[in-house]
Amino acid sequence: GAVVSQHPSRVICKSGTSVKIECRSLDFQATTMFWYRQFPKKSLMLMATSNEGSKATYEQGVEKDKFLINHASLTLSTLTVTSAHPEDSSFYICSAPETRDLFGPGTRLTVL
Amino acid sequence: AQSVTQLGSHVSVSEGALVLLRCNYSSSVPPYLFWYVQYPNQGLQLLLKYTSAATLVKGINGFEAEFKKSETSFHLTKPSAHMSDAAEYFCAVSEDYGQNFVFGPGTRLSVLP
């Protein structure tokens, strides 16, 4: 069935570096994907909507220049956390309505 | 605008006891409602969803939820708690199926032996 995969599942990086997170659709084409963020011991919040071939739509309060989203193909959406800092440490999850569980497995980012 | 409240950030039950996790929502249109479970350091697992068919929805692991429009509620229940049910539970609403989820704050379920 239709699922989304995320890579990497876990990443640790130094402060100031950039990290790219990939969300791939398997067995279907995703024109739209959603990116959510979960702070430690908190709930999930929508960060942005990723649209294939066009600019992402960001939620209020989300820095576009810090969280770069690219959806260059129907099977891949990427989230790049630029110049990461410890406060960016979170669980990042992509979502596609076509999938059974509607969410990918997530990527845990830890910024030292 | 959508919103979700979950009464009780932490619920403790004894093994074998009834589990009741509360969820109330606000939506300007007939909503799609979801319950997810999250185990420590893991992703979200869909327990069940309401998509305007039957108001009583049965999910995995013996959980079920009932959509009550008049009460704007979608409480999650399980007749008999198991130790493996200990986890964080999130209720979520989506006005357009699978898009723009709004999550509740979550309820941590502890199951006591």
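Structure: see above.
Keep in mind that this is a model prediction, so the values were computed, not measured.

With that out of the way, let us pick up the overall build of chain B. From N to C terminus, chain B includes 0 helices and 12 strands. Beginning at the N terminus, the succession of helices and strands in chain B can be written as β-β-β-β-β-β-β-β-β-β-β-β. The C-alpha radius of gyration computed for chain B amounts to 13 Å, which stays within 12% of the reference 13 Å derived for 113 residues, consistent with globular compactness. The dimensions of chain B, computed from C-alpha atoms along their principal axes, are 40 × 30 × 20 Å. When the 113 residues of chain B are sorted by exposure, 42% land in the buried category. A fraction of 58% describes how many contacts in chain B between residues 6 or more apart in sequence connect residues 24 or more apart. Only carbon and sulfur atoms are counted for the fraction: they give 52% of the accessible area of chain B, which is about 5,300 Å². In chain B, which carries 7 positive and 8 negative side-chain charges, the distance between the mean positions of the two groups comes to 3 Å.

On the chain B side, the residues contacting the 19 residues of chain A number 19 residues. In this assembly, chain A packs against chain B so that about 1,500 Å² is buried in total across both faces, 55% of it on carbon and sulfur atoms. Applying the counting rule to chain A against chain B returns 0 salt bridges. Counting across the interface, chain A meets chain B through 4 residue pairs in polar contact (both at pLDDT 80 or more).

With that out of the way, let us pick up the sheet that holds strand S10 (residues 107-111) of chain A. Residue and element names in this part refer to chain A. Strand order in the open sheet made by the 6 strands is S2-S10-S9-S4-S5-S6, with mixed pairing throughout. Here the strands that pair on one side only, and so sit at the sheet edges, are strand S2 (10-13) and strand S6 (57-58). Both strand S4 (residues 32-38) and strand S5 (residues 44-51) contribute to a ladder of 7 bridges, which runs antiparallel. By the bridge assignment, Thr 32 is partnered in S5 with Asn 51.

With that settled, consider the pairing of strand S10 (residues 87-94) of chain B. Residues and elements named next belong to chain B. Of all 8 residues in S10, 7 are buried; the element is thus mostly enclosed. Across 7 bridges, strand S5 (residues 32-38) lies against S10 in antiparallel orientation. Paired with Phe 34 across the strands is Ala 92, a residue of S10. As judged from the 3 bridges shared by S10 and strand S12 (residues 107-112), these two strands associate in the antiparallel manner. Looking at S12, one finds that Glu 88 is bridged to Arg 108.

What follows concerns the environment of Ser15(A). Residue and element names in this part refer to chain A. By the secondary structure assignment, Ser 15 is in the loop between S2 and strand S3 (19-26). In sequence terms Ser 15 and Leu 76 are 61 residues apart; their C-alpha atoms lie 26 Å from each other. In this structure the side chain of Ser 15 is engaged in a polar contact, spanning 3.2 Å, whose partner is the side chain of His 85.

Parameters and conventions
- Residues numbered from 1 in each chain as written.
- Chains lettered and ligands numbered in written order.
- Predicted model: local features only at pLDDT ≥ 70, side-chain atom pairs only at ≥ 80, totals over all residues.
- Heavy atoms only, no water.
- Helix = DSSP H or I, 4+ residues; strand = E, 2+ residues; numbered from the N terminus.
- Rg over C-alpha atoms; globule rule 2.2 N^0.38 Å.
- Buried < 20%, exposed > 50% of the residue type's maximum accessible area, 1.4 Å probe, protein only.
- Contact = heavy atoms within 4.5 Å.
- Areas by Shrake-Rupley, 256 points an atom, 1.4 Å probe, with all protein chains shown as cover.
- Lys, Arg positive; Asp, Glu negative; His and termini not counted.
- Charge placed at Lys NZ, Arg CZ, Asp CG, Glu CD.
- Buried area = accessible area lost by both parts, 1.4 Å probe.
- Salt bridge = Lys/Arg side-chain N within 4 Å of Asp/Glu carboxyl O.
- Polar contact = N/O pair within 3.5 Å; in protein donor to acceptor, adjacent residues only side chain to side chain.
- Pairing = 2+ DSSP bridges.

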